[in-house]
Amino acid sequence: MNIALISDIHFGKYSRTTEFSVPGEKIDADETYGASDFKAGLISVLKSKEVEYIFVAGDLTSIGSPQEFHYCEKKILEIASEVGLSKDKIILSMGNHDIDRKVYEVYKQYDETILSTDVMELIKGKYQEAAATISIISLNELNTMENDISIPFTGVIEKEKFIVFILNSAWLCSSDQEYAHGKLDSKQLDWLDKELGKFENDNRIKIILMHHHPILYPYPTPSPDISMIEEGSELMKLAGKYGINLILHGHRHHPTVKTMMEQEWKNPITIICAGSLSVNASHRNYGEIPNTLHIINLDKGPDEFILYNYEYSTAEGWHPLSNDSPSTPMDGEMWLGKILSNDEKMTSLKNLVEKGKFPIKWENLPNDLKHIRCKELNKIINDLFSKEYVICGSFPKENVAILPR
């Protein structure tokens with residue numbers, strides 16, 4: 001089973017292409033004009049990987065307006081239909097751009113010099129909730145989630161191979177924040193604790209889908225972290241306690257992946273930041289970071305996953321991510337879910353060196369070594385064994401990336 005992970009569509013004014021904008025509304029520039037077809041190439045990848053589900057990790061829109069939601073929903077359903085997927089195969093979470101700030105800022109029309117602080121806080125809170133529910137009002141086909149908590153797009157979806165716990169880390173974001181960091185609050189965490197407990201002994205793959213990330217990542221340039229949720233440590237404690245396997249999110253537009261394990265956790269947790277599917281260059285550090293798409297293969301069960309990463313360029317369209325890009329610390333193909341100790345790495349590498357002939361193709365590597373990034377793998381082999389490089393990247397065959405010594 002392959003699922004597609006996308007995030008930060010930013011349908012509307014912040015999109016890189018008019019294909020993902022409201023008819024008649026202007027965007028900064030169509031960066032795909034005269035280039036490889038953005039939407040057709042996306043559909044081609046989803047078809048070739050035989051994707052069965054599409055996960056969207058928030059920020060469907062640019063400004064959370066009803067028209068952006070309406071046309072974004074139409075575009076997602078259009079793409080799904082081309083791939084042969086029904087609407088129940090599309091699973092959504094919401095991001096901070098999916099809040100209509102114009103609705104929230106209605107509170108400013110009230111006179112703070114007349115009303116008490118308590119009344120003003122009540123007004124602000126209610127307009128915040130109204131702004132966060134614009135997604136429910138505006139999505140006609142994809143608003144099918146049922147839950148017992150009064151937070152938009154928060155719920156549990158069960159499928160044959162996996163269970164998805166959807167959190168809304170953005171519903172409390174407002175224009176009053178200096179940075180649009182995420183927040184879950186105790187209400188959502190208590191709900192998650194209860195729901196995870198119901199499935200504690202379930203053997204299906206357990207996934208959390210949200211917009212903001214629960215941990216700190218290193219980034220290419222020093223900057224304030226605008227992505228991490230306030231309750232990150234509490235969320236990770238629950239995820240570890242109940243055996244979550246994958247946490248999928250977006251928000252920062254900078255794709256990356258990390259597998260972690262703490263002593264008290266039931267199993268390792270792999271966290272995937274999806275980057276941005278279609279936001280424009282000025283919101284991707286002026287194009288230094290590419291737009292990205294990810295395919296996650298679940299066939300190996302809850303302990304091991306294969307991640308296929310794609311990037312878009314005007315020259316090549318959608319193609320496997322470069323294995324040595326400084327702006328995207330990911331490989332075109334990655335095996336995730338296991339953490340190898342240095343001893344385990346060295347034992348496998350020594351066996352490889354003793355038996356193998358160099359250069360070695362990625363597809364001929366033992367599976368445990370595929371859990372090491374290509375760059376690290378080549379460096380260890382070259383430094384310790386004075387051998388030639390490993391050829392990394394197994395798809396497509398004609399685009400094999402070779403890491404030099």
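Residues numbered from 1 in each chain as written. Predicted model: local features only at pLDDT ≥ 70, side-chain atom pairs only at ≥ 80, totals over all residues. Heavy atoms only, no water.

Please give an account of the packing of helix α1 (residues 38-48) against helix α2 (residues 66-83) that cites residues and values.
For any two helices packed against each other, the geometry is given by the interaxial angle and the distance between the axes. The contact between α1 and α2 brings their axes to 9 Å, and the two run at 45 degrees. Taken together, the axes of α1 and α2 lie oblique to each other. Remark: the crossing between α1 and α2 carries right-handed chirality. Counted together, Lys 39, Leu 42, Ile 43, Leu 46 and Lys 47 of α1 and Lys 75, Glu 78, Ile 79, Glu 82 and Val 83 of α2 form the full contact between these two elements. Classifying every residue of the contact of α1 with α2 gives five nonpolar, no polar and five charged. (Axes fitted to C-alpha atoms, helices over the stretch in contact; angles between N-to-C directions. Helix = DSSP H or I, 4+ residues; strand = E, 2+ residues; numbered from the N terminus. Parallel < 35°, antiparallel > 145°, perpendicular 65-115°, else oblique. Left-handed = near helix turned anticlockwise from the far one by under 90°. Contact = heavy atoms within 4.5 Å. Nonpolar A, V, L, I, M, F, W, Y, C, P; charged D, E, K, R; others polar.)

Describe the environment of Phe 199, listing the residues and the values that go with them.
Among the structural elements, Phe 199 can be located in the loop between α6 (185-198) and β6 (205-209). Residues Phe 199 and Tyr 242 lie 43 residues apart in sequence; the distance between their C-alpha atoms is 8.1 Å. Not counting chain neighbours up to four residues away, the residues in contact with Phe 199 comprise Val 156, Glu 158, Ile 163, Phe 165, Arg 204 and Lys 206.

Outline the packing of α6 against helix α7 (residues 232-242), supporting the account with residue identities and numerical values.
Two numbers describe how α6 lies on α7: the axes approach to 10 Å, and their chain directions differ by 5 degrees. Here α6 is positioned roughly parallel relative to α7, judged by the angle of their axes. Of the residues in α7, those touching α6 at Leu 189, Leu 192, Asp 193, Leu 196 and Gly 197 are Glu 234, Leu 235, Leu 238, Lys 241 and Tyr 242. A per-class count over the contact of α6 with α7 returns six nonpolar, one polar and three charged.

Explain the pairing of strand β10 (residues 292-297) residue by residue, including any values.
The element β10 is extensively covered by neighbouring structure, given that six of its six residues are classed as buried. The two faces of β10 match: Thr 292, His 294 and Ile 296 on one face and Leu 293, Ile 295 and Asn 297 on the other face are all buried. The pairing of strand β1 (residues 2-6) with β10 spans four bridges and is antiparallel. Directly across from Ala 4, in β10, lies its bridge partner Ile 295. Pairing of β10 with strand β11 (residues 305-313), which is carried by six bridges, proceeds in the antiparallel orientation. Its bridge partner lying in β11, Thr 292 is registered against Glu 311. (Buried < 20%, exposed > 50% of the residue type's maximum accessible area, 1.4 Å probe, protein only. Pairing = 2+ DSSP bridges.)

Summarise α2; cite the residues concerned and give the values.
Turn by turn, an α-helix covers 3.6 residues, leaving residues three or four places apart pointing in a common direction. The first and last C-alpha atoms of α2 sit 26 Å apart over 18 residues, in line with the 26 Å expected at 1.5 Å per residue. Among the residues of α2, Glu 68, Phe 69, Cys 72, Glu 73, Lys 75, Ile 76, Ile 79, Ala 80 and Val 83 are the ones counted as buried. End-on view of α2: buried residues confined to an arc of 165 degrees, all on one side of the axis. Looking one or two residues beyond α2, the residue adopting positive phi is Gly 84, at roughly 90 degrees. (Expected span 1.5 Å × (residues − 1). Arc of directions from axis to C-beta.)

So, the sheet that holds strand β9 (residues 269-273): which residues are in play, and what are the values?
Pairing within the open sheet is mixed, and its six strands lie in the order β4-β5-β6-β7-β9-β8. Looking along the sheet, the strands with just one partner apiece sit at the ends: β4 (155-158) and β8 (256-260). Each strand of the sheet is rotated relative to its neighbour by a mean of 15 degrees, with strand direction disregarded. Two elements, strand β5 (residues 162-166) and β6, share five bridges in a ladder whose sense is parallel. The partner of Val 164 across the bridge, within β6, is Ile 207. In the packing of α6 onto the sheet, the strands contacted are β4, β5 and β6, and the crossing angle to β5 comes to about 170 degrees. α7 contacts β6, β7 (246-249) and β9 of the sheet and is inclined by roughly 135 degrees relative to β9.

Break down the environment of Met 120 for me, citing the residues and quoting the values.
Note on placement: Met 120 falls in helix α4 (residues 117-132). As a C-alpha pair, Met 120 and Val 83 span 37 residues in sequence and 49 Å in three-dimensional space. With residues near it in sequence (within four places) discarded, Met 120 still touches Tyr 107, Tyr 110, Glu 112 and Leu 115.

Outline the nonpolar core, supporting the account with residue identities and numerical values.
The nonpolar side chains of soluble globular proteins are, as a tendency, buried together. One finds Leu 46, Phe 55, Phe 162, Leu 293 and Ile 296 to be the most contacted residues of the largest nonpolar core, which totals 81 residues. Setting aside chain neighbours within four positions, we find Ile 296 in contact with Met 1, Asn 2, Ile 3, Leu 5, Leu 246, Leu 248, Ile 272, Phe 305, Ile 306 and Leu 307. By size, the runner-up hydrophobic cluster in this structure holds 38 residues, among which are Ile 99, Ala 132, Met 210 and Ile 247. (Core = buried A, V, L, I, M, F, W, Y, C linked by side-chain atoms within 4.5 Å.)

If you had to explain the environment of Ala 29 to someone new, which residues and values would you point to?
You can see Ala 29 is positioned in the loop between β1 and α1. Residue classification places Ala 29 among the partly exposed positions, given a relative accessible area of 39%. Once you skip the residues sitting within four places of it in the chain, Ala 29 turns out to touch Ser 15 and Arg 16.

Before we move on, can you summarise α6 with the specific residues and values?
An ideal rise of 1.5 Å per residue puts 20 Å on 14 residues; α6 measures up with 21 Å between its terminal C-alpha atoms. By the burial criterion, the buried members of α6 are Asp 185, Gln 188, Leu 189, Trp 191, Leu 192, Glu 195 and Leu 196. Considered in projection along α6, the buried side chains sweep an arc of 160 degrees and stay on one side of the axis. Facing away from the buried side of α6, by more than 90 degrees, are the exposed residues Ser 186, Asp 190 and Lys 198.

Outline the confidence of the model for the chain, supporting the account with residue identities and numerical values.
Here the chain shows a mean pLDDT of 88. Residues at 70 or above account for 92%. Counting contacts from residues 394-405, a segment whose pLDDT is below 50, to residues more than four positions away or on other chains yields 32 contacts. (pLDDT = per-residue confidence, 0-100.)

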